[in-house]
Amino acid sequence: MPQDETLDLIAKQRQKLAAFRSEGLSPFPNTFRVSHSVAEILALTVGNGAALPAGDQRFAAAGRIMAINRFGKSTFIRFRDRTGQMQAYLRQDKVGPEAYGVFRRLDIGDFVGLQGGMFQTRTGEWTLLADTLQLLSKSIRPLPEKFHGLKDPEKRYRQRYI
């Protein structure tokens, strides 16, 4: 990504951050408590197969949004924490119009906290049916671009942290 595009994107993210603050929303709250990691949730659901009753057990997970697929008033997102990646399903009537309005303005790379039960989609993938959504951290910088990568081999070896 060229430098000018990155600076424009950072400026837009800062504007969104200022808009959240002007509305009285804290872009960096400290009230969400995680009950399970993604790996623990997947071990409980995938290990039990279809034996897990839908909606009986509630999970609270947090992670970084990696992908967003919107379908009107419902959305599938992929989020990742330190242990793995999973899918979540959000519906406006489940999370509420205020929380869904905040979610509609979130971007890939933002950190969210989700609470809800699990269900299996038609494709058989276990998905978190979120009834609570909370913004945990608004990202300012974009995620690294995986497609182009780092071209300069000397920079890649000397500055491994990049």
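Rules and cut-offs
Residues numbered from 1 in each chain as written. Predicted model: local features only at pLDDT ≥ 70, side-chain atom pairs only at ≥ 80, totals over all residues. Heavy atoms only, no water. 1 Å grid on protein atoms, 1.4 Å probe; cavity = no way out; pocket = protein on both sides within 12 Å on 5 of 7 lines; lining within 4 Å. Points joined across faces, edges and corners; volume = space filled by probe spheres on them. Helix = DSSP H or I, 4+ residues; strand = E, 2+ residues; numbered from the N terminus. Nonpolar A, V, L, I, M, F, W, Y, C, P; charged D, E, K, R; others polar. Salt bridge = Lys/Arg side-chain N within 4 Å of Asp/Glu carboxyl O. Pairing = 2+ DSSP bridges. Axes fitted to C-alpha atoms, helices over the stretch in contact; angles between N-to-C directions. Contact = heavy atoms within 4.5 Å.

A. Broad picture of the layout of surface pockets. One number sums up the size of the second largest pocket: a volume of about 170 Å³. Taken together, Phe-20, Leu-25, Ser-26, Pro-29, Glu-98, Ala-99, Val-102, Leu-106, Leu-133, Gln-134 and Leu-135 form the lining of the second largest pocket. Elements supplying a minimum of two residues to the lining of the second largest pocket: helix H4 (97-104) and strand S5 (126-137). Along the lines of polarity and charge, the residues of the lining of the second largest pocket split into eight nonpolar, two polar and one charged.

B. View of the pattern of salt bridges. Overall, the coordinates contain seven salt bridges when judged by the stated rule. Between Asp-107 and Lys-16 there is a salt bridge; the shortest N-O distance is 2.7 Å. Highlighted residues: Asp-107 in the loop between H4 and strand S4 (111-120) and Lys-16 in helix H1 (residues 3-22), separated in sequence by 91 residues. A network of salt bridges, in which partner residues are shared, links Lys-16, Asp-107, Asp-110 and Lys-138.

C. Layout of the sheet that holds strand S1 (residues 59-71). Sheet architecture is closed into a barrel: five strands sit in the order S1-S2-S3-S5-S4, paired in mixed fashion. Recorded for the sheet is a direction-independent mean angle of 50 degrees between the axes of neighbouring strands. Where S1 lies against S4, six bridges are found, and the strand directions are antiparallel. Bridged to Gly-63 within S4 is Val-112. Along the sheet, helix H2 (residues 38-48) makes contact with S1, strand S2 (74-81), strand S3 (84-91), S4 and S5, crossing S3 at roughly 80 degrees.

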